[in-house]
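A structural walkthrough
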Amino acid sequence: MSHAVTDTEHKPYQQHHFENMEQQTQSTLLGIWLFMAQEILFFGGLFAAYTIYRILYPAAWAAGASSQNVFLGMVNTIVLIGSSVSIVMAVHSARHDDRKAILKWFAVTLLLGTVFFGIKAIEYGTKWDHQLVPGLNWNNEHALHTLQEHAPKNVEITELPKGIQIYYSLYFVMTGMHALHMVIGFGLAFWIMAKTAKGRFNSEYYPHIEYFGLYWHFVDIVWIFLFPLLYLV
Amino acid sequence: MNEPTSKPKPNYLTSGNTVSSWLLTVDHKRIGLMYLLGMTFFFLIGATAAALFRFELATHDANVFANDTYNRLFTMHGIIMVFFFLIPAVPGVLGNFLVPLMIGAKDVAFPRLNLASWYIYMLGGTFTLAAILLGGIDTGWTFYTPYSSVYADSNVILAGSGVFITGFSSILTGLNFIVTIHKMRAPGMTWMRLPLFIWAQYATSIINILGTPVIAITLLLVVFERSLGFGIFDPQKGGDPVLYQHLFWFYSHPAVYIMILPGFGVVSEVLACFSRKRIYGYEFVAFSSLAIAAIGFFVWGHHMFTSSQSEYAGLIFSILTYLVGIPTAIKIFNWVATLYKGSILLSAPMIYTLGFIGLFLVGGLTGLFLATMALNVHLHDTYFVVAHFHYVMVGGMMMAWLAGLHFWWPKMLGKMYNEFWARVGAVIIFFGFNFTFYPQFIAGYMGMPRRYHVYDIEYQPFQMLSTVGAYFMGVGLIICFVTLVSSIFKGKPAGKNPWKATGLEWNQADSPPDQHNFTSPVKVDVEAYDYTDERIYQDT
């Protein structure tokens, strides 16, 4: 590699198959964006199903959405946006080589993530109690009762709207897939925190932290779409 | 395996002989060989299934298998061949081996991810194998709902999970290739100097990244529906089974381009080499790959002309399907024009390649028959469809795969195979293939539906021919297999460039290549397929 010795000396974190750091950085950045593209298509299949059924069964969607606890959904949205801010702070700390601050902001992010899971668990639990889980414990009578209870004042529900089980199926699959992505995020976060604690990153080299930030934002954005689509419509 | 060769030069095969040096390797060339082993294994399973049900199909009544067993056999054949052979064959084996070599890189951009892709592939294969060993699955490779999600009494969850998992290996390989092709090209290797194999891999990778996640979520929904009772495709709960078909074909139609585009890439390489000419209309061939990838995303509805799709939607899908014919025809015309006044050598890879062009042409044109809505009503779900996609997938893709395997075999393993027997195998496969599938066009046109093993006696001559042809083709495949494997032990050393071909993998890398691919820095100063360049004729 005699021809490559210029101002770009071989940094310890440069992998041997890259010619220089710039190539490595650009490659990983392109890689992470392509990964995002496939993630969008992954959720895209669900959003397509959502769109079709919502057009087919507007009454079920209206009844289903009004049975949601908008307050809890709102709190969770704010919690997740907060965790996006905290992960930005972690990236910012990485840029300034502040290892303690990186760990602190990761911890805050995970804490907010845990709050999100807690609230989600309460919501899932309530649905389970009301026997609103399709396939597992669905009960027409209870479902009708719950929907009537939560219906807006000017709306009267006399029978179960057609497609209501589809609404709840999609609710559980979409929020479940979102939660699964958060669980994976937790795993990644612990791995990166361990690396940070060992001093693997510095102000010139912190791609894991930066790309984790991108991933976390992506997961947040999915929720930002899910919240209005499932709770507010 | 590692007997001393005449050359003492170390290469990627000899650097490290332990099991873990293979299982934990991040070398793209070794990973390519590991794909070759895994894929050959799955191919043998899929081929065995075909051999068994072809035996049953020879006569019009049920002789050997019960209905249920027959259903499980053709499903197993379909799932294994599509998801574990056709899709990963060229990208997994040849793509992994060649993409970095052809562009002058030391490895793919993410070598560890590449190794992970192989493990994901094998894990998915294990799930599917488990589904087969535990009694199989009888839904057909398409997993249509509501049969798959509600009624089927077979291992849908296991097989579906297997396909779901394997999908991520395609996605990650595609991601790896796109980044590699964008960022890892050697100095001087401009986009318009890339071998057409690379263009084909690039187009394939785009489909992999944008299409595969959709089938992943779709199969996941089927698994949820089956295991938990969610109702997204269940009419009893208000779900729409046709939505499944839309989502399935949104991936699975582009997936046929995932299967065939890499084959196009192989054909361009082999054809240029054995015609000693630059590919005619290089730019057109390159961009037609991208055009196929793009248009291919908007034709899925032609699988559903008879599935309650609106006729206006059908009309549009039909027209768009014709449109795919244009870039495909551009390729065929350019290949034929390349042959014109070329100095043609009928080596084994070239026989496969010429066979590919003829068979793929038949497969492609019958595709246009099927894209015609009125004709489709008559031909839908008949043997005509079976013959059509086997002409494309086996006559096209498998022939291209074998062409590529023979062409780059000396580079991968450093040994020459027996040319005579390789040619014999190629010719037998070509004729066997036509005997197998040509009669199916006729049987299908006469109205024989697919997926039945007890059928009207008037179709028996066609099915009998088909069975005999299939065994004939099997003989050809065995000859090909034995020829290639025995070359590892008995073959003569290949030398750097046995075909006097252009391309970095032939001119700048040894056979087999060094662990780090190139021993001296790579710089590109010629166009692709410059067969007038004297340097390729100097053996070193």
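Residues numbered from 1 in each chain as written. Chains lettered and ligands numbered in written order. Predicted model: local features only at pLDDT ≥ 70, side-chain atom pairs only at ≥ 80, totals over all residues.

1. Examining the overall build of chain A
Counting its secondary structure elements, chain A contains seven helices and zero strands. The helix and strand sequence of chain A, counted from the amino end, reads α-α-α-α-α-α-α. Taking 233 residues into account, the globule formula puts the C-alpha radius of gyration at 17 Å, and chain A, at 22 Å, lies well above it. C-alpha atoms of chain A, sized along the principal axes, occupy 80 × 35 × 30 Å. Burial statistics for chain A: of 233 residues in total, 33% are counted as buried. Look at the contacts in chain A between residues 6 or more apart in sequence, and 73% of them connect residues 24 or more apart. (Helix = DSSP H or I, 4+ residues; strand = E, 2+ residues; numbered from the N terminus. Rg over C-alpha atoms; globule rule 2.2 N^0.38 Å. Buried ≥ 20, exposed ≤ 12 C-beta atoms within 10 Å, placed from the backbone. Contact = placed C-beta atoms within 7 Å.)

2. Considerations on the overall build of chain B
Regarding its fold elements, chain B presents 17 helices and zero strands. Taken over the C-alpha trace, chain B has a radius of gyration of 23 Å; the compact-globule value for 540 residues is 24 Å, and the two agree within 12%. The proportion of buried residues among the 540 residues of chain B is 59%. Counting only contacts in chain B whose residues sit at least 6 apart along the sequence, the fraction spanning at least 24 positions is 84%.

3. Regarding unusual backbone geometry
Residue and element names in this part refer to chain B. Note that the residue after Thr145, namely Pro146, is joined by a cis bond; omega there is 0 degrees. Relative to the helices and strands, Pro146 is located in the loop between helix H5 (111–133) and helix H6 (147–151). The linkage connecting Ser511 with the following residue, Pro512, adopts the cis geometry, with an omega of -15 degrees. For Pro512, the location among the structural elements is in the segment after helix H17 (504–507). The backbone phi angle of Arg276 is positive, close to 50 degrees, even though this residue is not glycine. Considering the arrangement of structural elements, one finds Arg276 in the loop between helix H9 (241–275) and helix H10 (282–295). Of the residues examined, Arg276 has 16 C-beta atoms within 10 Å and is grouped as partly exposed. Positive phi, close to 55 degrees, is recorded for Tyr529, a residue that is not glycine. Residue classification places Tyr529 among the buried positions, given that 26 C-beta atoms sit within 10 Å.

4. Description of helix H4 (residues 89–103) of chain B
Residues and elements named next belong to chain B. For H4, which comprises 15 residues, the first-to-last C-alpha distance of 20 Å matches the rise-based estimate of 21 Å (1.5 Å per residue) to within 8%. Remark: the principal bend of H4, roughly 55 degrees, maps to Gly95. In terms of burial, H4 is largely enclosed, as 15 of its 15 residues are buried. Gly104 lies just past H4 and shows a positive phi near 80 degrees. (Expected span 1.5 Å × (residues − 1). Bend = angle between axes of the 7 residues up to and from the residue.)

5. Regarding helix H7 (residues 156–183) of chain B
Between the first and last C-alpha of H7(B) there are 41 Å, a value that for 28 residues agrees with the 40 Å anticipated at 1.5 Å per step. In terms of burial, H7(B) is a largely internal element, 25 of the 28 residues being buried.

6. Section: the packing of helix H1 (residues 21–56) of chain A against H7(B)
It is at 9 Å that the axes of H1(A) and H7(B) come closest, and there the two elements cross at 140 degrees. H1(A) and H7(B) meet at a crossing whose hand is right-handed. Residues Gln23(A), Gln26(A), Ser27(A), Leu30(A), Gly31(A), Leu34(A), Phe35(A) and Gln38(A) of H1(A) lie in contact with H7(B), whose contacting residues are Ile171(B), Leu175(B), Ile178(B), Val179(B), His182(B) and Lys183(B). Considered class by class, the residues forming the contact of H1(A) with H7(B) number seven nonpolar, six polar and one charged. (Axes fitted to C-alpha atoms, helices over the stretch in contact; angles between N-to-C directions. Left-handed = near helix turned anticlockwise from the far one by under 90°. Nonpolar A, V, L, I, M, F, W, Y, C, P; charged D, E, K, R; others polar.)

7. Details of the interface of chain A and chain B
You'll often see interface size given as the accessible area lost when the parts meet. Counting from both sides, the interface comprises 30 residues of chain A and, opposite them, 31 residues of chain B. Sorting the residues of the side of chain A that touches chain B by element identifies H1 and helix H6 (164–197) of chain A as the ones contributing at least two each. Examining the composition of the side of chain A that touches chain B, we find that 16 residues originate from one element, H1(A), more than from any other. When grouped by side-chain class, the residues that make up the side of chain A that touches chain B number 16 nonpolar, 13 polar and one charged.

8. Looking at the nonpolar core
Counting 229 residues, the largest nonpolar core has Leu170(A), Ile103(B) and Ala403(B) as the members making the most contacts within it. Contact partners of Ile103(B), with chain neighbours within four places excluded, come to Ile181(B), Met184(B), Arg185(B), Ala186(B), Met189(B), Leu194(B) and Ile198(B). (Core = buried A, V, L, I, M, F, W, Y, C linked by C-beta atoms within 7 Å.)

9. Looking at the packing of helix H15 (residues 419–446) of chain B against helix H16 (residues 460–490) of chain B
Residues and elements named next belong to chain B. Taken N-terminus to C-terminus, the directions of H15 and H16 make an angle of 160 degrees; their axes are 7 Å apart at the nearest point. Here H15 is positioned roughly antiparallel relative to H16, judged by the angle of their axes. Of the two possible hands of crossing, H15 and H16 adopt the one that is left-handed. Tallied by class, the residues present in the contact of H15 with H16 amount to 21 nonpolar, nine polar and no charged. (Parallel < 35°, antiparallel > 145°, perpendicular 65-115°, else oblique.)

10. Regarding the confidence of the model for chain B
All names here are of chain B. Here chain B shows a mean pLDDT of 94. Residues at 70 or above account for 98%. The least confident element of chain B, judged by mean pLDDT, is H6 at 90; the most confident is H15 at 97. Every residue in residues 1–5 is under pLDDT 50, and counting partners more than four places away or in other chains gives five contacts. This prediction of the complex comes with two scores: 0.93 for pTM and 0.90 for ipTM. (pLDDT = per-residue confidence, 0-100.)

11. Structural notes on the environment of Ile122(A)
In this fold, Ile122(A) is placed in helix H4 (residues 99–129). Sequence separation between Ile122(A) and Ile55(A) is 67 residues; the distance between their C-alpha atoms is 29 Å.

12. Observations concerning the confidence of the model for chain A
On average, chain A scores 92 in pLDDT, and the residues at 70 or more come to 96%. A low-confidence stretch, residues 1–8 of chain A stays under pLDDT 50, and its non-local contacts, those more than four residues away or across chains, total four contacts.

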